[in-house]
Amino acid sequence: MRASRAFGLVAAAALLSQPAWAADDDNKALKAQVEALTRELRAVSQQSQRQIKTLQGQVQDLSRRLDQKTATETAAAKAPAPVPPSVQQAAPTPPRPPRDLADATTPTRDSGSVSGNEEAAPRPGNAPIDPEYKGFTPLLGTETWIKLSGYAKIDVIGDSEAVKNPNEFVTNGIPVEGDADYHRGETATVQTKQSRINLELRRPTDFGSLRIVYENDFFGDSTTGAMTYRLRHFYGQLNNALVGQTFTTFQDPDVSPDTLDFEGPNALTSLRQAQIRYTFPLIKDQMHLAVAIEQPSSGDIQLPDNHFAQTKLPDFAANWRWDFASASHVQVGSVFRWLDQHDSAPGMNKGDSSAFGWGLNLSAGLATFGSDNILFSGTYGEGVGRYIQDLPLGTAIDHVNDLKPLPAYGIMAAYRHFWAPDWRSTVTYGYVHSDSLPEQGTGAYDYTHYASANLVWAPTSSSKVGLEYLYGFRETAIGRSGEDNRLQFSMQYTLVK
């Protein structure tokens, strides 16, 4: 089409170049043709300009797309090549402690109680109550694994009576009628003595697993507000052989109720002392028998001024325990003591005597509904004294200067209920009674009652907030009595939980 138009233009130009003598008709015809061709040329020119603009737009669009494609390919070339799924590696995870850090397992698990007493308690074969060993990390260059734990706790306490110990709810310290502090009025205190630091080390050896436990709190001076250091636990256990200071073998550490008060119920068997202990597995991971030689003490013997006490033999303690579920167990404990007292007056040998003390304890923890559980402890003995928390004395001197063991017993029961996973309550009751001698005076211990109820909120695994009401009643051998009502608010932050 364009070629024919160009040919017509050339022909018109040739005709215009003919001689002037050409016919007028021909001139008119040619002129008309030239005008027509001129108009067509203009139309072709306008159309060509529009086509040129269209082509220029297409070129610019193609250039832009080419630039984008080039940039994308360049970025992809610089990026690292994707790793096929078959060769992808998982993110690094902390090393898991080896299984030989323990020689046994146990169905007992950490109850999450405020006191956390289960964490430091000895276990047969060093069995962990946390099979995941949360918080443990290896010591570089050694086979030892270490865990640093503990918690910070503050207690805000108000009492209706001026009790002897404002930091712990000790029912035998409640003033009775006739005491100087009786009805002296309300008292309040704020203290952080229960805060503690715990260090645990574990390692395998050629003779079995080795576990070393250290723990302290700040109840070195329990009746004032001073933060005085006190060692709670420091022992080593190789397989089933234990040496050091920890809970007495007579005690069941898994029946301590979940109370905000540090002391706990009056009837609880709770004592830490130096010992040598060996545990015999009877049914692997379920039943065992433990025997121990433990530190003796004459601190619970009441003597006249001219007498002194001494211990000739260590205390002997043992327990039999059966674990049959994660929150259920039964334990029977026993303790035997030999105590002596002597007349210190010059040249006198009268009044020298000895006393044999003994005690039996039956305890149990039983799962009930959901995460709820019930705890029980009952103790009876003669001269058992300091092995029951509330008892001030185990023996006394009679009218002929003979040392007499005092019969005593205590019972305790507690129930813990979970309202929700992070809300729980524990109600506890305890009763303790001890016989006495007339020679002990008008303030001799007869019996005490203990009761508590609390509400604890654990918004996280490492924090707790709670409110607790406690009631205590004390009566002496001649019938004088007193009572105390306590309200305690506590907050606690745990390092590893």
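Preceding this paragraph is the structure being described.
Residues numbered from 1 in each chain as written. Predicted model: local features only at pLDDT ≥ 70, side-chain atom pairs only at ≥ 80, totals over all residues. Heavy atoms only, no water.

**Here we look at the nonpolar core**
One broad trend across soluble globular proteins is that nonpolar side chains are buried collectively. To be explicit about the condition: Side-chain atoms within 4.5 Å link the members of a nonpolar core, which is a set of buried Ala, Val, Leu, Ile, Met, Phe, Trp, Tyr and Cys residues. Each residue gets one of three labels from its accessible area relative to the maximum for its type: buried under 20%, exposed over 50%, partly exposed in between, using a 1.4 Å probe on protein chains only. Labels follow the DSSP assignment, with helices taken as runs of H or I lasting at least four residues and strands as runs of E lasting at least two, numbered in each case from the N terminus. Residue contacts are counted whenever heavy atoms from the two residues lie within 4.5 Å of one another.
In terms of nonpolar packing, the biggest core is built from 17 residues, with Phe250, Val335, Val384, Tyr387, Leu391 and Val432 touching the most fellow members. For this core, the element with the most residues is strand E18 (residues 407–420), which contributes 3 residues. Those residues in contact with Val335 that lie beyond four places of it in its chain are Phe250, Phe316, Ala317, Gly357, Trp358, Gly359, Val384 and Tyr387.

**Some remarks on the sheet that holds strand E16 (residues 395–397)**
Let me state the cut-off plainly: When DSSP finds two or more bridges between a pair of strands, those strands are recorded as paired.
With respect to topology, 3 strands assemble into an open sheet ordered E10-E16-E17, the strand pairing being mixed. At either end of the open sheet lies a strand with only one pairing partner, and these are strand E10 (301–302) and strand E17 (403–405). The pairing of E16 with E17 spans 3 bridges and is antiparallel. Among the inter-strand pairings, Thr395 is bridged to a residue of E17, identified as Pro405.

**Notes on the pairing of strand E22 (residues 481–494)**
Taken together, the 9 bridges between strand E2 (residues 145–159) and E22 define a ladder with antiparallel strand orientation. What sits directly across from Ile154, in E22, is Met491. Direction of pairing for strand E21 (residues 463–476) relative to E22: antiparallel, over a ladder of 13 bridges. When the sheet's bridge partners are listed, Tyr469 is paired in E22 with Leu487. Counted between consecutive antiparallel strands, the loop separating E21 from E22 contains 4 residues, among which Gly479 sits at a positive phi close to 95 degrees.

**What to know about the pattern of salt bridges**
Our working rule: Any Lys or Arg side-chain nitrogen found within 4 Å of a carboxyl oxygen on Asp or Glu counts as a salt bridge.
Under the defined criterion, the tally for this structure stands at 23 salt bridges. The partner of Arg486 in a salt bridge is Asp159, and the shortest N-O contact between them spans 2.8 Å. Here the residue Arg486 occupies a position in strand E22, and Asp159 occupies one in strand E2, the gap between them amounting to 327 residues. The burial state of Arg486 is the same as that of Asp159; both residues are buried.

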